[in-house]
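Chain residues, written in single-letter form:
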Amino acid sequence: MSNTLLDVPANTPPHLIHRSQRWRDRRASFLLPDSVIDPSEYAVDVISKSDAASFVADHHYLRTCPPGVMAVGLFRNSKPSSRLVGVTLFSNPMNAAAIPLHTGLPATAGVELGRLVLLDEVATNGESFLLSRAFKLLSPHSPSKSLISLS
């Protein structure tokens, strides 16, 4: 499977782009919806914060990682072994008031989606696939009752 990347002008309104956005080399690109993720080809599991930080440094446009609460990796199943093709990192918000401000809950009752990074080879809807499984892994490991994502 290969995904088709399309460069779209930076001022194009998001609602006019029916594609999955990815970032590489500090430029936005978009996957055409010519393929959708096949769950049988991927696995999701908790990974070390250092492995997540290394992946983010190599593939995220900011190349930095906020202090993480928990990191989750997306693995492409291939023989003879799986390889890491995506990472999501849950972190404490930089501002302790963010959780109460946006949720009305105490600051300790939430986390922030600090990073979400997928390689271009991951098919369309890979972000949703990873996040839905990462949220399930987060629940037993964290007392968090809320998740925020600020841009």
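Above this text you will find the structure in question.
Source: prediction; values computed, not measured.

Enquirer: In this structure, what is going on with the environment of Ala 71? I would like to understand it.
Expert: Relative to the assigned elements, Ala 71 resides in strand β5 (residues 68-76). A residue is classified by how much of its surface remains accessible, and Ala 71, at 1% relative accessible area, is buried. Distance in space between the C-alpha atoms of Ala 71 and Lys 49 is 5.7 Å, their sequence separation being 22 residues. The contact partners of Ala 71, leaving out residues within four places of it in the chain, are Asp 45, Val 46, Ile 47, Ser 48, Lys 49, Ala 52, Thr 88 and Leu 89.

Enquirer: Would you mind showing me how to read the side chain of Arg 76 here?
Expert: Its location among the elements puts Arg 76 in strand β5. Within the structure, Arg 76 has its side chain in polar contact with the side chain of Glu 41 (distance 3.0 Å).

Enquirer: How should I be thinking about the pattern of salt bridges in this particular structure?
Expert: Taken as a whole and assessed by the stated rule, the structure comprises three salt bridges. Arg 76 serves as the salt-bridge partner of Glu 121, at 3.5 Å between the closest nitrogen and oxygen. In this pair, Glu 121 is assigned in the loop between β7 (110-118) and α3 (126-141) and Arg 76 in strand β5, connecting sequence segments 45 residues apart. The partly exposed category is assigned to Glu 121, whose relative accessible area is 27%. Residue classification places Arg 76 among the buried positions, given a relative accessible area of 14%. Between Arg 83 and Glu 121 there is a salt bridge; the shortest N-O distance is 2.6 Å. A residue pair is termed long-range when its members are at least 10 positions apart, and Arg 83 in strand β6 (residues 83-91) and Glu 121 in the loop between β7 and α3 qualify at 38 residues.

Cut-offs and rules
Residues numbered from 1 in each chain as written. Predicted model: local features only at pLDDT ≥ 70, side-chain atom pairs only at ≥ 80, totals over all residues. Heavy atoms only, no water. Helix = DSSP H or I, 4+ residues; strand = E, 2+ residues; numbered from the N terminus. Buried < 20%, exposed > 50% of the residue type's maximum accessible area, 1.4 Å probe, protein only. Contact = heavy atoms within 4.5 Å. Polar contact = N/O pair within 3.5 Å; in protein donor to acceptor, adjacent residues only side chain to side chain. Salt bridge = Lys/Arg side-chain N within 4 Å of Asp/Glu carboxyl O.

Function cannot be read off these values alone, since they describe shape.
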